[in-house]
Amino acid sequence: MTTTYTAIAERSGKWWAVELPDVPGGFTQGRNLKEAAEMAREAVALLLNLPEEEIEIDLQPKLPKDTTAALADFQARRLQREEAEESERTAQVAAAQALTGAGLSVRDAGAVLGISHQRVAQLAPSSEARTAHTKPKSASRAADALAGVAKAKASPASKEKKAYGTKTKGRTRQNA
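Residues numbered from 1 in each chain as written. Predicted model: local features only at pLDDT ≥ 70, side-chain atom pairs only at ≥ 80, totals over all residues. Heavy atoms only, no water.

Participant: Even after reading the chapter, I still don't get the environment of V120, so can you show me in this structure?
Facilitator: Along the chain, the position of V120 falls in helix α4 (residues 117–123). Remark: the alpha-carbon pair of V120 and Q92, spanning 28 residues in sequence, is separated by 9.0 Å. (Helix = DSSP H or I, 4+ residues; strand = E, 2+ residues; numbered from the N terminus.)

Participant: Explanation requested: the side chain of T28 in the structure shown.
Facilitator: Position of T28 relative to the elements: it lies in strand β3 (residues 27–30). Dropping the residues within four chain positions of it, T28 is found in contact with W16, A17, V18, M39, A40 and A43. (Contact = heavy atoms within 4.5 Å.)

Participant: Would you mind going over the environment of F27 with me for this structure?
Facilitator: By the secondary structure assignment, F27 is in strand β3. Taking the C-alpha atoms as reference points, F27 and M39, twelve residues apart in sequence, are found 9.3 Å from one another. Those residues within four positions of F27 in sequence are excluded, and the remaining contacts are V18, E19 and L20.

Participant: Explanation requested: the sheet that holds strand β2 (residues 15–19) in the structure shown.
Facilitator: Consider a sheet: its strands pair through backbone hydrogen bonds, and that pairing is either parallel or antiparallel. Strands sit in the order β3-β2-β1-β4 across an open sheet of four strands; the sheet is mixed. Of all strands in the sheet, those bounded by a partner on one side alone are β3 and β4 (55–62). Neighbour-to-neighbour, the strand axes of the sheet open up by a mean angle of 30°, direction not taken into account. Pairing analysis gives five bridges linking strand β1 (residues 3–12) to β2, with the strands arranged antiparallel. Across the sheet, A9 pairs through a bridge with V18, a residue of β2. (Pairing = 2+ DSSP bridges. Axes fitted to C-alpha atoms, helices over the stretch in contact; angles between N-to-C directions.)

Participant: Would you take a moment to explain the nonpolar core for this structure?
Facilitator: Generally speaking, a soluble globular protein has its nonpolar side chains buried in company with each other. Formed by 13 residues in total, the largest nonpolar core has its most connected members in V18, L20 and V44. Elements with a minimum of two residues in this core: β1, β2 and α1 (33–48). It is α1 that provides the largest number of residues to this core, a total of five residues. Excluding anything up to four places from it in sequence, V18 contacts A7, I8, A9, G26, F27, T28, Q29, A36, A40 and L59. If you look at the next biggest cluster of nonpolar residues, it comprises eight residues, including A96, L99, V120 and A124. (Core = buried A, V, L, I, M, F, W, Y, C linked by side-chain atoms within 4.5 Å. Buried < 20%, exposed > 50% of the residue type's maximum accessible area, 1.4 Å probe, protein only.)

Have a look at this one:
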C-alpha cells in the first residue's frame, strides 16, 4: 500500500528547497525537480521509518508569479490541441467508414484520405473483407473523385502530379 505525501518545492538560488508539510521536520533540497522529488521521498522514508517503495511524492513547485499566466495559457492550448486531435480522429473514422461503406476499397479510401490502406482497415474493420483491387461503385461521389487519382497515376507525367490541390511546377493543380 502506498501513501502519497505532498512536497512543496521553491526555487532558492540553483537549488529547489523542499518542504514536507505532512512530515514533522521534513525539509530537503534538490538541484532539479526530479532530484527534489527523489530527495523528498527519501526524507519521508527516513523521518517516518517507512520503506521507500510505500511512498509517493506529490511535488508541487512554487513558480514565480510572472510565469503563471504563460503556464496557464500553455496548458489551455495543450487541452485545445488534444480535443482537436480527438475530434479529428472521430472524423477520420467516420470518413473511412463512409468511404468503404460506399464501396471503395481500403486502398482507394486511403488514397482519398491521405492515409495508408492499413490504417483504413483499422478504422473501418468491416472493410477488411474487401480486397485492395475492388473497384468503387460508379454511382459513388468518391469514385468520381478517385477517377482523377487513377488518371494521374496512369499517365507518364504522373511523377510531376500530386493529388488534390497540391503545387505542380508553380501553379495549383486540382485533380478531379
